[in-house]
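Observations on chain architecture
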Amino acid sequence: MKIALTGIKPTGTPHLGNYLGMIRPALNLARDYEAYYFIADYHAMTTVKDGAELRALSYDVAAVWLALGLDPARVTLYRQSDIPEVTELTWILACITPKGLMNRAHAYKASVDENRERDRDPDAGVNMGLFNYPILMAADILLPAANVVPVGADQRQHLEMTQDMAEAFNATYGPILTVPEAIIPDDVATIVGLDGRKMSKSYGNVIPIFDDPKQLRKTVMRIVTDSRPPDEPKNPEEDTIYQLYRHVAPPEAASSMAERYLAGGLGYGTAKGELYEALESTFGPARERYQEIVGDRAEIDRILAGGADRVRARAVPLLEKIRDAVGVCPLPAR
Ligand code: TRP
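As the structure is a prediction and not an experimental result, all values here were calculated from the model. (Residues numbered from 1 in each chain as written. Predicted model: local features only at pLDDT ≥ 70, side-chain atom pairs only at ≥ 80, totals over all residues. Heavy atoms only, no water.)

Time to look at the packing of aromatic side chains. All chains considered together, the criterion is met by seven aromatic pairs. With a centroid separation of 6.3 Å and 55° between ring planes, the pair formed by Y261 and Y268 is classed as tilted. In this structure, Y261 and Y268 share a single accessibility class: buried. Sitting over the ring of Y59, R79 keeps its end group 5.7 Å from the ring centre. (Phe/Tyr/Trp six-rings, centres within 6.5 Å; stacked < 30°, edge-to-face > 60°. Buried < 20%, exposed > 50% of the residue type's maximum accessible area, 1.4 Å probe, protein only. Lys NZ or Arg CZ within 6 Å of the ring centre and 35° of its normal.)

Core analysis: the largest hydrophobic core is formed by 60 residues, its most contacted members being L16, Y37, W65, L68, L275 and L279. Two domains each donate at least three residues to this core, and these are domain 1 (3-191 + 296-326) and domain 2 (210-290). When neighbours within four sequence positions are excluded, L279 is seen to be in contact with L16, I207, L216, V220, V248 and G284. By size, the runner-up hydrophobic cluster in this structure holds 43 residues, among which are A105, V151, F169 and L177. (Core = buried A, V, L, I, M, F, W, Y, C linked by side-chain atoms within 4.5 Å. Domains from an automatic or database assignment. Contact = heavy atoms within 4.5 Å.)

Around the ligand there are 14 residues in total, and G7, H43, Y133, D140 and Q155 lie nearest to it. D140 is positioned such that a nitrogen or oxygen atom in its side chain is 2.8 Å from a nitrogen atom of the ligand. A distance of 3.0 Å separates a nitrogen atom of the ligand from a polar side-chain atom of Q155. For the ligand, whose accessible area on its own is 360 Å², the fraction buried by protein is 89%. Counting residues per element, the shell around the ligand draws most heavily on helix α7 (residues 128-142), which supplies four residues. Looking at side-chain class alone, the shell around the ligand contains eight nonpolar, four polar and two charged residues. (Near = heavy atom within 4 Å. Polar contact = N/O pair within 3.5 Å; in protein donor to acceptor, adjacent residues only side chain to side chain. Areas by Shrake-Rupley, 256 points an atom, 1.4 Å probe, with all protein chains shown as cover. Helix = DSSP H or I, 4+ residues; strand = E, 2+ residues; numbered from the N terminus. Nonpolar A, V, L, I, M, F, W, Y, C, P; charged D, E, K, R; others polar.)

Let us now look at the pairing of strand β2 (residues 34-39). A large share of β2 lies buried, amounting to five of its six residues. When strand β1 (residues 3-8) meets β2, the two strands line up parallel, connected through six bridges. Of the residues in β2, the one forming a bridge with T6 is Y37. A crossover links β1 with its parallel partner β2, the connecting element being helix α1 (residues 16-29), and its sense is right-handed. With five bridges connecting them, β2 and strand β3 (residues 75-79) associate as parallel partners. Opposite Y37, over in β3, you have L77 as the bridge partner. (Pairing = 2+ DSSP bridges. Right-handed = clockwise from strand over helix to strand, strands pointing away.)

It is worth spelling out helix α10 (residues 240-248) at this point. Burial analysis of α10 places seven of its nine residues in the buried class, which makes it a mostly covered element. Residues of α10 that are buried include every one of T240, I241, Y242, Q243, L244, Y245 and V248, and no others. Residues of α10 that are buried sit in contact with α1, α11 (251-263) and α12 (268-294).

Such coordinate-based values are descriptive only and should not be taken to indicate function.
So, in structure tokens, the structure goes:
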């Protein structure tokens, strides 16, 4: 079976857009691939500078995925920092990566452009972790020899850089690394937020999925609509409530809402109530599981350690080959 691998940056409570755009597709993909999903704690270090906070965020993201149905017997869930071989491969890849390629990386370039605009030193506020971010990401992917990498469109360039590094390595040292492919969902899958724009934390228009029922209802009531009365027929394709409802309600319920909008007689208040109910029945049980799991760090550690063992069983033999090919000594016994 082919290997699907992806990294999740630990950034706090998930919202509906994260769930529909990333978590649910990744869980579905695990039916057709041998799946390796990991918590990218080293990547988060480029921005999170507080140890206790990074640790808490890492446990949190593990608990979120477990609560939403990730089965650790079938999906290998692990923590990036449990695999020291990843940072070792990062150095090896750095030595075959042109600096000019890294200068063109979007995240780094955006910082440089902003600094220039503000008449600051181009590299002000840029740490080497941010600069090397794409190389660490390539090591994440290449070390377990992933075949496919499900990511958002914003990660396309990182995947192209990973392919470049794998090809450059193979051209220099022989065919050792597997060149991966990206799996990127098309843009029609964009999830709208409370105000009708793309759901995004930076727009402040998200629906957090693990809020308590009272808060969840309040959030749903904030969805922006026009002021047409209930009787007036409405186009569900242009309605934010329906656009969210159809992703979380059973198909028959979704088509019923669409029909009632078109026929006239369905008001926004009623539709919001139905959306709230659908969200609560989708996420209520997961929220309870989340609350249980997140408090049990020993259990999460046990699961992540099991995942790390499985990854290292793949990673260590490949790293031995790589060490041999580049001419450094074999791995010291651990
Ligand atoms: N950079 C990715 C993001 O910001 C997270 C990530 C780190 C990743 N390593 C990865 C994704 C390896 C896929 C594969 O979302």
